[in-house]
Amino acid sequence: MQKITLSFDNGPTPEITDHVLDVLERRNIHATFFVIGEKLADANARARTVRAHGAGHWIGNHSFTHKTPLGKMDDPAESVKEIENTQAALADFAHSRRFFRPFGGGGALGDHLLSRAAFDYLCAEKFTCVTWNMIPRDWEGDRGWIQRAFDIGADLDWGLVVLHDLPSGAMQYLDEFLQRLDDEGVEIVQDFPPDCLSIRQGVPTPVAAGYVSDPL
Ligand SMILES: [Zn+2]
């Protein structure tokens, strides 16, 4: 792995997001935070997203409730609302490339990620859909995710890792992970690997069809 992009999903979570921001700041590293819209209703949590944005991190949309993968929702209109409501809640700090990250349950990629209605909405509203290629299962909470990330990264030139600013315990090992990346000469970049973008500012890429529940 020559390069890696860091992303933190499912926050903001007051103490944990602050810890992640402190660690990144000490190392002058920039990442993307894909936030859950309904969590922004808590002013205390929202303040962490404001802080992340102010520090130069990118802020993306990770659905409003994060309950059901959008391609599995019964009502297509509800899947659109999951995106729309979070984008409204993000207001001023959404990135201008309008990043949306779907979720698959345990990091699974597939045609359950988006409904056709959600896909059409993302294209019409010029969103950029960001998937991933590294799921080290940090939610298990132990430091084993560091080795799992390096094992996955061994087969990649440019990794895009999904971590979670959640109280699993995993983020206490973030600095150790970043030190090992540094020791192994892996460059940390903020932009996303091209093969992890299924829509770029409204334009579908060749991988898009694999992530929509109804045929394109
Ligand atoms: Zn998620």
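Residues numbered from 1 in each chain as written. Predicted model: local features only at pLDDT ≥ 70, side-chain atom pairs only at ≥ 80, totals over all residues. Heavy atoms only, no water.

Visitor: Even after reading the chapter, I still don't get the pattern of salt bridges, so can you show me in this structure?
Guide: Opposite charge on two side chains allows them to pair when their charged atoms are near. Within this structure, the stated rule accounts for 15 salt bridges. Note that R101 is salt-bridged to D9, the shortest N-O span being 2.9 Å. Of this pair, R101 sits in the loop between β4 (99-100) and α4 (116-124) while D9 sits in strand β1 (residues 3-11), placing them 92 residues apart in sequence. Among the ionic pairs, R51 bridges to D18, the shortest N-O distance being 2.9 Å. Highlighted residues: R51 in helix α2 (residues 43-54) and D18 in helix α1 (residues 14-27), separated in sequence by 33 residues. Since its relative accessible area comes to 28%, R51 is described here as partly exposed. Given the relative accessible area of 18%, D18 is considered buried. (Salt bridge = Lys/Arg side-chain N within 4 Å of Asp/Glu carboxyl O. Helix = DSSP H or I, 4+ residues; strand = E, 2+ residues; numbered from the N terminus. Buried < 20%, exposed > 50% of the residue type's maximum accessible area, 1.4 Å probe, protein only.)

Visitor: What is the right way to read the packing of helix α5 (residues 144-153) against helix α6 (residues 174-183) from this model?
Guide: Angle between the axes and distance between the axes are the two parameters that describe a pair of packed helices. Contact geometry for α5 and α6: axes closest at 9 Å, N-to-C directions at 30°. The chirality of how α5 crosses α6 is right-handed. Side by side, α5 and α6 meet where W145, I146, Q147, A149 and F150 of the first sit next to L174, E176, F177, R180 and L181 of the second. Here the contact of α5 with α6 is built from residues that sort into 7 nonpolar, 1 polar and 2 charged. (Axes fitted to C-alpha atoms, helices over the stretch in contact; angles between N-to-C directions. Left-handed = near helix turned anticlockwise from the far one by under 90°. Contact = heavy atoms within 4.5 Å. Nonpolar A, V, L, I, M, F, W, Y, C, P; charged D, E, K, R; others polar.)

Visitor: In this structure, what is going on with α6? I would like to understand it.
Guide: An α-helical turn contains 3.6 residues, so any two residues separated by three or four positions project in the same direction. Residues of α6 that are buried: L174, F177, L178 and L181. Seen from one end, α6 has its buried residues packed into an arc of 95°, which puts them on one side. On its buried side, α6 packs onto β1, α1, α5, β6 (158-164) and β7 (187-189). One or two positions beyond α6, positive phi appears at G185, with a value near 75°. (Arc of directions from axis to C-beta.)

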